[in-house]
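Chain and residue survey
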2 protein chains.
Amino acid sequence: MRKVAIIGIGQTSVSEHWEKSLRELAGDAIFAALNDAGVESIDSLFVGNMLSGSLNHQDNLGVYIADWVGLHHIEAVKIEAACGSGGAALRAGLIAVASGEIETAVVVGVEKMTDNKPSETTAALATAADADYEAIHGLSFMAINALVMQRYMFEYGWSHVDFAPFSIIAHANAVHNPYARLQFPVTDTEYRMSRMVADPINLLDASPIGDGAAAIVLVPADKIISSIPHPKITITGSASATDTLAVHDRHDPLWLIAAETSARKAYSQAGVAPADIDLFELHDAFSIMSALSLEACGFAERGQGPRLGLENEISIHGRIPIATRGGLKARGHPVGATGIYQVVEVVQQLRGEAGETQVEAARIGMTQNIGGSGSTVITHILQVT
Amino acid sequence: MRKVAIIGIGQTSVSEHWEKSLRELAGDAIFAALNDAGVESIDSLFVGNMLSGSLNHQDNLGVYIADWVGLHHIEAVKIEAACGSGGAALRAGLIAVASGEIETAVVVGVEKMTDNKPSETTAALATAADADYEAIHGLSFMAINALVMQRYMFEYGWSHVDFAPFSIIAHANAVHNPYARLQFPVTDTEYRMSRMVADPINLLDASPIGDGAAAIVLVPADKIISSIPHPKITITGSASATDTLAVHDRHDPLWLIAAETSARKAYSQAGVAPADIDLFELHDAFSIMSALSLEACGFAERGQGPRLGLENEISIHGRIPIATRGGLKARGHPVGATGIYQVVEVVQQLRGEAGETQVEAARIGMTQNIGGSGSTVITHILQVT
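Residue numbering note: each chain is counted from 1, following its sequence as written. In the order they appear in the text, chains get letters beginning with A and ligands get numbers beginning with 1. Reporting in this predicted model follows two pLDDT cut-offs: at least 70 for local features of residues, and 80 or more for side-chain atom pairs to be given and counted; totals over whole chains, interfaces and linings ignore these cut-offs and use all residues. With hydrogens and water set aside, each side-chain value is computed from the structure's full complement of heavy atoms.

Let's talk about empty space enclosed by the protein
So the rule is basically this: Cavity: a set of points on a 1 Å grid over the protein atoms alone where a 1.4 Å probe fits but cannot get out. Pocket: an open set with protein on both sides within 12 Å along at least five of seven lines, its lining residues, like those of a cavity, having an atom within 4 Å of a point. Grid points are joined across faces, edges and corners, and a volume is the space filled by probe spheres set on the points. Secondary structure elements are taken from DSSP: a helix is a run of H or I of four residues or more, a strand is a run of E of two residues or more, and numbering for both begins at the N terminus. Lys, Arg, Asp and Glu make up the charged group, whereas Ala, Val, Leu, Ile, Met, Phe, Trp, Tyr, Cys and Pro make up the nonpolar group; the residues left over, Gly among them, are polar.
This model, assessed by the stated rule, comprises 7 cavities of 30 Å³ or more. Put simply, the largest cavity is a space of about 240 Å³. Those elements giving two or more residues to the lining of the largest cavity turn out to be β3 (75–80), α4 (85–99) and β11 (376–384) of chain A together with β3 (75–80) and α4 (85–99) of chain B. Looking at the lining of the largest cavity residue by residue, the classes come out as 16 nonpolar, 3 polar and 4 charged. In terms of lining, the second largest cavity is formed by 13 residues, of which the most central are A:G53, A:D59, B:M50, B:D59 and B:K78. Only α2 (52–55) and β3 of chain A together with α2 (52–55) and β3 of chain B provide two or more residues apiece to the lining of the second largest cavity. Taken together, the residues of the lining of the second largest cavity sort by class into 3 nonpolar, 4 polar and 6 charged.

Following this line, the structure appears as structure tokens:
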């Protein structure tokens, strides 16, 4: 297969976009990405989205968006993998271009979640869990993650406050990202005093939902024309893996085996090790997920994820910067769009366009997008080549 | 890219499976396909489904089904293109295997639609149309197709009864398909007397929904071991194209340009012409769609689709047999599963396993799966090689 490069990125802010429809959000991100790439003609569209059928009364999402942006008659399709839909859509588009079946692709992640009642949105999000064995018993994602975090604290001896750095660092970085939902810092005291949601998860352990769209343009790496003004960013690793859907079915509910599996495959493809990764946009939907992902991907020993935060290793100048533009926690988590926001943000870093939160000399970046409670995990590695 | 073969097929009956969950239906079809292929280990799962989020409270459908059937840790994802989801899932799996990224794939189409109130199901189906410009005005799929059929009859001078053969032939074939939803024949008189639904569409112009699942196993064609007892069926053409989402936006609402575009691409890839196709499993959700698809794919002149029925050219012994196992009209239309049922049925024909409805000396078969009112169209060509 041929190598594939990302030549354009675009995004809307993550916010409550009550004045914009789902297709307008997607269109804004796509037009920004096409403009960034300097191209007008595109062969195909891959859409990452989870909830449009239940929250926006709209399926057939590929053509819905292709038609809106004027990409007439092209191939267009939607990919769903719950909150991992964006990463899964990228992987589908990547394979199509890498195979030679398609020359150029736009991948857009889009979600519109704030027009509905919170109870509707919470119920819709619970469809990422097992409807028969989890959701029907009232196990929302908040509740599942609270149970996992309780067990993790018990098993490895951590206190709640040891997770504070995940939240504080994400917010500190989001201050400098104009597209972020929560562009304000939080302090250690604010974290301790934050309102409890589902013990031990408080409001500052949890990422906010939002409306938003992010898009990227994929082309064969050898077709890049020299006039493109950006460094050449190639996708060198891409892998997807699954675990049990229900957390209670796992031998060890504190180990993300799908995250480990997909990261290992991606490392192998890219010919790199965790030590080579300059920044890692991980799936910090809850602070416990940051710890578990860092461990599964080889950045921390088992049960030692919080140590990276306490030792300041995950900030912009640390060993493995995460949530460099705010992460799910503070940039916001428009679920089906998140995986593409992560990629857009890594491209910003690799281009040197991340401003105040630029990771110095970033050459290799990784994204990991998770659907459900670690049940579907998609990892990508991007490199300046 | 390497050639890809279908080495296993499986299906459940299309029915009201109130005793089976969505995953049980999918599992039954997958196990049947794996058994038919004589393989146990599979690398990936591609799911075609439209409505699980809104009707079954279940998203994250890739891992939901992979976990259930014991395909632990594999890559798994859902593809959505409304009623074209099955065909779109096949295309995604095909590209992944053809590219070499994946060695083996199961593609399953599954839909469970009869546990809900009819009003809920009708509203969910309307999400395949344009929510803002069609569905919100009460334009269900029935209504959209009725408007198109009215216009077609006016424009080309056909009477309603001229469409009778589409329904009669589909039912005649379904009598011999144990998996079909409506295993009974209908007569010309019954067609004329059938209850009106949306003028001119009566009950026998419309396909029934249902619960069902169908699955196929894909492998690289050069990896087929000689012990497999079936003729070697290779996918030689695969293409997807889109039109406007809303029918009123089309220059000519009586011409399926996406069907034409995807069929032309598939013909070109396979190196065949319409005259070479031995049977055609088309998307006969409504009888008007049969006429339009036959025209767009080059089997009839513009406006002359009904003539093929009246001249008995679409029956098993005609020039271009359609709906050979009952079609959407009588096998039934579990929307996201339909595209895979079509492929399973063409494989049955090419293997010579279609019994009473066997198309003699069938060597090349075509499927065309449509999402929305001709807005997303996926065409595949299968050949005995």
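Remarks on helix α5 (residues 118–125) of chain B
Residues and elements named next belong to chain B. Our working definition: Note on classification: 1.4 Å probe, protein chains only; a residue is buried when its accessible area is under 20% of the maximum for its type, exposed when over 50%, partly exposed between these limits. Starting at the helix axis, one direction is taken to each C-beta atom, and the arc is that of these directions. Should any heavy atoms of two residues lie within 4.5 Å, those residues are considered in contact.
Looking at α5, one finds that the buried residues are T121, A124 and L125. End-on view of α5: buried residues confined to an arc of 100°, all on one side of the axis. The secondary structure elements touched by the buried residues of α5 are α2 and α6 (141–156).

Notes on the side chain of A:E80
How we decide: Two N or O atoms form a polar contact when they lie within 3.5 Å of each other; inside protein one atom must be a possible hydrogen donor and the other a possible acceptor, and for residues adjacent in sequence the pair counts only when both atoms belong to side chains.
Structurally, A:E80 can be placed in strand β3. Within the local environment of A:E80, its side chain forms a polar contact with the backbone nitrogen of A:A82, the two atoms lying 2.6 Å apart. In terms of polar contacts, A:E80 uses its side chain to reach the backbone amide nitrogen of B:N60, at 2.6 Å. Apart from residues lying up to four places away in sequence, A:E80 is in contact with A:N49, A:M50, A:S85, B:D59, B:N60, B:L61, B:V77 and B:K78.

Notes on the interface of chain B and chain A
Quick reminder of the rule: Summed over both partners, the accessible surface that disappears when two parts come together, traced with a 1.4 Å probe, is what is meant by buried area. A pair is scored as a salt bridge if a Lys or Arg side-chain nitrogen falls within 4 Å of a carboxyl oxygen belonging to Asp or Glu.
Between chain B and chain A, the residue contacts involve 56 residues of the former and 56 residues of the latter. Summing the contributions of chain B and of chain A, the shared interface buries around 4300 Å²; its carbon and sulfur component is 46%. Across the pair A:E101 and B:R91 runs a salt bridge, and its minimum N-O distance is 2.9 Å. Seen at the junction of chain B and chain A, the total is 33 residue pairs in polar contact (both at pLDDT 80 or more). Looking at the side of chain B that touches chain A, the elements with two or more residues in it are α2, α3 (61–68), β3, α4, β8 (233–242) and α9 (257–270) of chain B.

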